[in-house]
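Here are the chains, one letter per residue:
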Amino acid sequence: MEKRGILYEGKAKQLFETTEPDVLWVTYKNQATAGNGAKKETIAGKGELNNQITSLIFEKLKEKGIPSHFIERLSDTDQAIEKVEMFPLEVVIRNVAAGSFSRRLDVEEGKDLPFPVLEFYLKEDALNDPLINDDHVLALELAAEEEVAELKKQARHINQALISLFKQAGIRLVDFKLEFGKTKEGTIILADEISPDTCRLWDLKTNDSLDKDVFRQDRGDIIPLYQEVLNRLNQL
Ligand code: ADP
Ligand code: TMP
(Lines give C-alpha, C1' and ligand atoms only; values in the text may rest on other atoms or scores of the structure.)
(Ligands and ions follow the chains in the order given, each with its own letter.)
Protein backbone atom coordinates (compact mmCIF):
# COMPACT_ATOMS: atom_id res chain seq x y z
CA MET A 1 0.00 0.00 0.00
CA GLU A 2 1.21 3.49 -0.87
CA LYS A 3 0.15 6.94 0.23
CA ARG A 4 -1.73 9.08 -2.32
CA GLY A 5 -3.18 12.62 -2.20
CA ILE A 6 -4.49 14.38 0.85
CA LEU A 7 -8.21 13.93 1.47
CA TYR A 8 -8.70 16.10 4.54
CA GLU A 9 -6.67 18.18 6.95
CA GLY A 10 -8.22 18.54 10.41
CA LYS A 11 -7.05 20.15 13.61
CA ALA A 12 -5.24 17.05 14.88
CA LYS A 13 -4.79 14.76 11.89
CA GLN A 14 -4.30 14.58 8.14
CA LEU A 15 -6.10 11.93 6.08
CA PHE A 16 -4.61 10.64 2.83
CA GLU A 17 -6.02 8.33 0.17
CA THR A 18 -3.96 5.21 -0.54
CA THR A 19 -3.58 2.76 -3.39
CA GLU A 20 -6.23 0.67 -1.60
CA PRO A 21 -9.70 2.20 -2.20
CA ASP A 22 -11.03 1.36 1.28
CA VAL A 23 -7.88 2.24 3.23
CA LEU A 24 -6.84 5.69 4.43
CA TRP A 25 -3.46 6.81 5.73
CA VAL A 26 -3.75 9.04 8.80
CA THR A 27 -0.94 11.22 10.11
CA TYR A 28 -1.20 12.53 13.67
CA LYS A 29 -0.09 16.17 13.87
CA ASN A 30 1.76 18.01 16.63
CA GLN A 31 -0.99 20.58 16.81
CA ALA A 32 -3.06 21.12 19.95
CA THR A 33 -6.27 23.14 19.81
CA ALA A 34 -8.94 24.07 22.34
CA GLY A 35 -12.16 26.03 22.20
CA ASN A 36 -12.88 25.00 18.59
CA GLY A 37 -9.44 26.21 17.45
CA ALA A 38 -9.46 29.49 19.43
CA LYS A 39 -6.30 28.34 21.26
CA LYS A 40 -3.76 26.67 18.99
CA GLU A 41 -0.16 25.54 19.59
CA THR A 42 2.41 23.22 18.07
CA ILE A 43 3.60 20.74 20.68
CA ALA A 44 6.54 18.55 19.65
CA GLY A 45 5.90 14.85 20.29
CA LYS A 46 2.12 15.08 20.66
CA GLY A 47 1.28 13.43 17.33
CA GLU A 48 3.54 10.50 18.08
CA LEU A 49 2.08 9.96 21.54
CA ASN A 50 -1.56 10.16 20.41
CA ASN A 51 -0.87 7.82 17.51
CA GLN A 52 0.72 5.28 19.84
CA ILE A 53 -1.97 5.61 22.52
CA THR A 54 -4.85 5.38 20.04
CA SER A 55 -3.27 2.39 18.26
CA LEU A 56 -2.77 0.59 21.55
CA ILE A 57 -6.33 1.28 22.71
CA PHE A 58 -7.86 0.14 19.40
CA GLU A 59 -5.76 -3.06 19.66
CA LYS A 60 -6.93 -3.67 23.23
CA LEU A 61 -10.56 -3.08 22.20
CA LYS A 62 -10.14 -5.57 19.34
CA GLU A 63 -8.88 -8.17 21.84
CA LYS A 64 -12.13 -7.56 23.76
CA GLY A 65 -14.17 -8.17 20.59
CA ILE A 66 -14.80 -4.50 19.78
CA PRO A 67 -14.00 -3.69 16.12
CA SER A 68 -12.85 -0.29 14.87
CA HIS A 69 -11.49 1.36 11.74
CA PHE A 70 -7.91 0.66 12.93
CA ILE A 71 -5.89 -1.59 10.62
CA GLU A 72 -2.28 -1.07 11.72
CA ARG A 73 0.24 1.44 13.00
CA LEU A 74 2.55 2.34 10.12
CA SER A 75 5.11 4.53 11.91
CA ASP A 76 5.51 6.78 14.96
CA THR A 77 2.91 9.22 13.62
CA ASP A 78 0.95 7.20 11.06
CA GLN A 79 -1.80 4.60 10.89
CA ALA A 80 -3.70 2.69 8.23
CA ILE A 81 -7.44 2.88 8.86
CA GLU A 82 -10.55 1.61 7.09
CA LYS A 83 -12.26 4.41 5.18
CA VAL A 84 -15.78 4.90 6.50
CA GLU A 85 -18.62 7.34 5.97
CA MET A 86 -18.57 9.33 9.19
CA PHE A 87 -21.69 10.25 11.14
CA PRO A 88 -21.39 14.02 11.72
CA LEU A 89 -21.75 13.32 15.43
CA GLU A 90 -19.61 13.29 18.54
CA VAL A 91 -20.83 10.76 21.08
CA VAL A 92 -19.75 11.77 24.58
CA ILE A 93 -20.02 9.46 27.57
CA ARG A 94 -19.63 10.83 31.09
CA ASN A 95 -18.96 8.66 34.13
CA VAL A 96 -18.00 11.56 36.38
CA ALA A 97 -19.20 15.18 36.27
CA ALA A 98 -16.62 17.50 34.69
CA GLY A 99 -16.06 20.01 31.89
CA SER A 100 -19.08 21.40 30.05
CA PHE A 101 -21.47 19.14 32.02
CA SER A 102 -20.35 20.67 35.31
CA ARG A 103 -20.41 24.21 33.92
CA ARG A 104 -23.78 23.96 32.18
CA LEU A 105 -25.63 22.15 34.97
CA ASP A 106 -23.66 23.51 37.94
CA VAL A 107 -22.62 20.07 39.17
CA GLU A 108 -19.46 19.78 41.23
CA GLU A 109 -16.49 18.44 39.19
CA GLY A 110 -15.51 14.95 40.30
CA LYS A 111 -18.98 13.81 41.38
CA ASP A 112 -19.62 10.22 40.26
CA LEU A 113 -22.70 10.06 38.06
CA PRO A 114 -25.28 7.38 38.97
CA PHE A 115 -25.00 5.88 35.47
CA PRO A 116 -22.97 6.72 32.33
CA VAL A 117 -24.57 9.78 30.73
CA LEU A 118 -24.52 9.72 26.92
CA GLU A 119 -24.70 12.92 24.90
CA PHE A 120 -24.72 13.69 21.18
CA TYR A 121 -23.01 16.75 19.73
CA LEU A 122 -23.39 17.89 16.12
CA LYS A 123 -19.91 17.87 14.54
CA GLU A 124 -20.05 21.30 12.91
CA ASP A 125 -17.25 23.75 13.71
CA ALA A 126 -19.26 26.71 12.32
CA LEU A 127 -21.90 26.07 15.01
CA ASN A 128 -19.34 25.24 17.74
CA ASP A 129 -20.39 21.55 17.89
CA PRO A 130 -23.73 22.09 19.69
CA LEU A 131 -25.25 19.60 22.14
CA ILE A 132 -28.23 17.88 20.49
CA ASN A 133 -30.70 15.16 21.51
CA ASP A 134 -31.97 12.00 19.80
CA ASP A 135 -34.88 13.88 18.19
CA HIS A 136 -32.44 16.39 16.69
CA VAL A 137 -30.36 13.52 15.27
CA LEU A 138 -33.49 12.02 13.65
CA ALA A 139 -35.05 15.32 12.53
CA LEU A 140 -31.79 16.46 10.88
CA GLU A 141 -31.41 12.97 9.37
CA LEU A 142 -27.93 12.59 10.84
CA ALA A 143 -28.68 8.92 11.58
CA ALA A 144 -31.73 6.63 11.36
CA GLU A 145 -33.56 5.40 14.46
CA GLU A 146 -31.96 1.95 14.46
CA GLU A 147 -28.56 3.56 13.87
CA VAL A 148 -29.04 5.84 16.90
CA ALA A 149 -29.82 2.76 18.98
CA GLU A 150 -26.71 1.00 17.62
CA LEU A 151 -24.46 4.03 18.25
CA LYS A 152 -25.66 4.20 21.85
CA LYS A 153 -25.27 0.46 22.39
CA GLN A 154 -21.72 0.44 21.02
CA ALA A 155 -20.72 3.59 22.92
CA ARG A 156 -21.94 2.14 26.24
CA HIS A 157 -20.16 -1.15 25.55
CA ILE A 158 -16.93 0.68 24.66
CA ASN A 159 -17.28 2.68 27.88
CA GLN A 160 -17.31 -0.49 29.97
CA ALA A 161 -14.23 -1.84 28.15
CA LEU A 162 -12.36 1.47 28.52
CA ILE A 163 -13.26 1.92 32.21
CA SER A 164 -11.74 -1.46 32.93
CA LEU A 165 -8.68 -0.88 30.74
CA PHE A 166 -7.87 2.50 32.29
CA LYS A 167 -8.59 1.23 35.81
CA GLN A 168 -5.88 -1.41 35.35
CA ALA A 169 -3.56 1.48 34.42
CA GLY A 170 -4.48 3.38 37.61
CA ILE A 171 -6.60 5.87 35.67
CA ARG A 172 -10.17 7.07 36.25
CA LEU A 173 -12.07 7.44 32.97
CA VAL A 174 -14.05 10.61 33.69
CA ASP A 175 -15.51 11.18 30.22
CA PHE A 176 -14.61 10.84 26.55
CA LYS A 177 -15.72 11.48 22.98
CA LEU A 178 -16.21 8.86 20.27
CA GLU A 179 -16.90 9.11 16.56
CA PHE A 180 -18.44 6.39 14.42
CA GLY A 181 -18.72 5.67 10.73
CA LYS A 182 -20.30 3.22 8.30
CA THR A 183 -18.25 0.79 6.24
CA LYS A 184 -19.08 0.22 2.58
CA GLU A 185 -21.03 -2.85 3.74
CA GLY A 186 -23.12 -0.57 5.96
CA THR A 187 -21.70 -1.77 9.29
CA ILE A 188 -21.36 0.85 12.01
CA ILE A 189 -17.87 0.87 13.55
CA LEU A 190 -15.84 2.97 15.93
CA ALA A 191 -13.54 5.42 14.08
CA ASP A 192 -11.35 8.50 14.67
CA GLU A 193 -9.18 8.35 17.83
CA ILE A 194 -9.19 7.60 21.55
CA SER A 195 -6.41 9.52 23.25
CA PRO A 196 -5.79 12.03 26.05
CA ASP A 197 -7.01 14.66 23.53
CA THR A 198 -10.47 13.06 23.49
CA CYS A 199 -10.78 11.67 27.02
CA ARG A 200 -10.65 13.08 30.55
CA LEU A 201 -8.23 10.82 32.39
CA TRP A 202 -7.56 11.36 36.10
CA ASP A 203 -4.94 9.57 38.16
CA LEU A 204 -6.87 7.12 40.40
CA LYS A 205 -4.91 8.07 43.52
CA THR A 206 -4.41 11.83 43.13
CA ASN A 207 -7.20 12.82 40.68
CA ASP A 208 -4.51 14.77 38.75
CA SER A 209 -5.37 15.32 35.08
CA LEU A 210 -3.45 13.22 32.55
CA ASP A 211 -5.17 14.77 29.52
CA LYS A 212 -5.75 17.80 27.31
CA ASP A 213 -7.48 19.78 30.11
CA VAL A 214 -3.94 20.71 31.19
CA PHE A 215 -3.47 22.43 27.79
CA ARG A 216 -7.03 23.86 27.72
CA GLN A 217 -6.51 25.43 31.14
CA ASP A 218 -2.84 26.47 30.71
CA ARG A 219 -1.81 24.21 33.58
CA GLY A 220 1.52 23.06 32.11
CA ASP A 221 3.21 20.70 29.66
CA ILE A 222 1.00 17.86 28.40
CA ILE A 223 3.82 15.76 26.93
CA PRO A 224 4.97 14.11 30.22
CA LEU A 225 1.32 13.37 31.03
CA TYR A 226 0.54 11.76 27.66
CA GLN A 227 3.82 9.82 27.98
CA GLU A 228 2.69 8.61 31.43
CA VAL A 229 -0.63 7.39 29.97
CA LEU A 230 1.25 5.53 27.21
CA ASN A 231 3.75 4.00 29.67
CA ARG A 232 0.99 2.76 31.94
CA LEU A 233 -1.02 1.27 29.06
CA ASN A 234 2.13 -0.35 27.66
CA GLN A 235 2.68 -2.15 30.97
CA LEU A 236 -0.72 -3.91 30.84
P1 ADP B 1 -11.25 17.71 13.13
O2 ADP B 1 -11.93 17.36 11.83
O3 ADP B 1 -12.28 17.80 14.25
O4 ADP B 1 -10.37 18.90 13.05
P5 ADP B 1 -9.10 15.71 13.09
O6 ADP B 1 -7.97 16.61 12.82
O7 ADP B 1 -8.92 14.64 14.09
O8 ADP B 1 -10.42 16.45 13.58
O9 ADP B 1 -9.52 15.11 11.69
C10 ADP B 1 -9.77 13.79 11.46
C11 ADP B 1 -11.03 13.70 10.62
O12 ADP B 1 -11.12 12.40 10.08
C13 ADP B 1 -12.29 13.93 11.44
O14 ADP B 1 -13.12 14.83 10.75
C15 ADP B 1 -12.93 12.55 11.54
O16 ADP B 1 -14.33 12.63 11.59
C17 ADP B 1 -12.43 11.89 10.26
N18 ADP B 1 -12.27 10.42 10.33
C19 ADP B 1 -11.85 9.70 11.38
N20 ADP B 1 -11.81 8.38 11.08
C21 ADP B 1 -12.18 8.26 9.79
C22 ADP B 1 -12.34 7.16 8.89
N23 ADP B 1 -12.07 5.91 9.28
N24 ADP B 1 -12.78 7.41 7.63
C25 ADP B 1 -13.06 8.69 7.23
N26 ADP B 1 -12.92 9.76 8.02
C27 ADP B 1 -12.49 9.58 9.29
P1 TMP C 1 -16.75 18.63 27.40
O2 TMP C 1 -16.88 18.45 28.88
O3 TMP C 1 -15.92 19.82 27.01
O4 TMP C 1 -18.10 18.64 26.74
O5 TMP C 1 -15.97 17.35 26.84
C6 TMP C 1 -16.41 16.05 27.09
C7 TMP C 1 -15.37 15.06 26.60
O8 TMP C 1 -15.29 15.07 25.20
C9 TMP C 1 -13.95 15.34 27.10
O10 TMP C 1 -13.35 14.11 27.44
C11 TMP C 1 -13.24 15.95 25.93
C12 TMP C 1 -13.97 15.37 24.75
N13 TMP C 1 -14.10 16.33 23.65
C14 TMP C 1 -13.48 16.08 22.43
O15 TMP C 1 -12.80 15.06 22.27
N16 TMP C 1 -13.64 16.97 21.41
C17 TMP C 1 -14.39 18.09 21.54
O18 TMP C 1 -14.51 18.85 20.58
C19 TMP C 1 -15.02 18.34 22.82
C20 TMP C 1 -15.86 19.58 23.02
C21 TMP C 1 -14.85 17.43 23.82
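Going by the structure above, here's the rest.
Description of the structure in this document. Just so you know, these numbers come straight off a predicted model, no measurement behind them.

Things to note about the site of ligand 2
Inspection of the region around ligand 2 gives 14 residues, with Arg 94, Ser 100, Asp 175, Lys 177 and Arg 200 positioned closest. In this structure, an oxygen atom belonging to ligand 2 sits 2.8 Å away from a side-chain N or O atom of Arg 94. In this structure, Asp 175 approaches ligand 2 through a side-chain N or O atom, which is 2.6 Å from an oxygen atom. Counting residues per element, the ones that place at least two in the shell around ligand 2 are strand E9 (89-96), helix H2 (99-105), strand E12 (171-182) and strand E14 (199-203). Residues belonging to the shell around ligand 2 are distributed by class as follows: four nonpolar, three polar and seven charged.

Digging into the environment of Asp 208
Among the structural elements, Asp 208 can be located in the loop between E14 and helix H5 (213-216). Sequence-wise, Asp 208 and Glu 48 are 160 residues apart; in three dimensions their C-alpha atoms are separated by 23 Å.

Some thoughts on the nonpolar core
The nonpolar side chains of soluble globular proteins are, as a tendency, buried together. Counting 51 residues, the largest nonpolar core has Leu 61, Leu 162 and Phe 180 as its most contacted members. Here this core takes eight residues from helix H4 (residues 145-168), the largest share from any one element. When residues no more than four places from it in sequence are discounted, the contact partners of Leu 162 are Ile 57, Leu 61, Leu 173, Phe 176 and Ile 194. In this structure, Leu 15, Leu 24, Tyr 28 and Ile 81 belong to the second largest nonpolar core, which totals five residues.

Quick notes on the site of ligand 1
Neighbouring ligand 1 are 17 residues, the closest being Tyr 8, Lys 11, Ala 12, Lys 13 and Glu 179. At 2.8 Å, a side-chain N or O of His 69 approaches a nitrogen atom of ligand 1. Between Lys 123 and ligand 1, the recorded distance is 2.9 Å, taken from a side-chain N or O atom to an oxygen atom. When contributions to the shell around ligand 1 are tallied by element, the ones reaching two or more residues are strand E2 (13-18) and strand E7 (78-82).

Section: the packing of helix H1 (residues 46-63) against H4
Any two packed helices are characterised by the angle at which their axes cross and by the distance between the axes. Packing of H1 against H4 leaves a shortest axis separation of 11 Å and a crossing angle of 115°. Considering their axes alone, H1 and H4 lie roughly perpendicular with respect to each other. For the pair H1 and H4, the crossing hand works out as right-handed. Of the residues in H4, those in contact with Ile 57, Lys 60 and Leu 61 of H1 are Ile 158, Ala 161, Leu 162, Leu 165 and Phe 166.

Thresholds applied
Residues numbered from 1 in each chain as written. Chains lettered and ligands numbered in written order. Predicted model: local features only at pLDDT ≥ 70, side-chain atom pairs only at ≥ 80, totals over all residues. Heavy atoms only, no water. Near = heavy atom within 4 Å. Polar contact = N/O pair within 3.5 Å; in protein donor to acceptor, adjacent residues only side chain to side chain. Helix = DSSP H or I, 4+ residues; strand = E, 2+ residues; numbered from the N terminus. Nonpolar A, V, L, I, M, F, W, Y, C, P; charged D, E, K, R; others polar. Core = buried A, V, L, I, M, F, W, Y, C linked by side-chain atoms within 4.5 Å. Buried < 20%, exposed > 50% of the residue type's maximum accessible area, 1.4 Å probe, protein only. Contact = heavy atoms within 4.5 Å. Axes fitted to C-alpha atoms, helices over the stretch in contact; angles between N-to-C directions. Parallel < 35°, antiparallel > 145°, perpendicular 65-115°, else oblique. Left-handed = near helix turned anticlockwise from the far one by under 90°.

Honestly, that's just the spatial picture; any functional story needs more than this.
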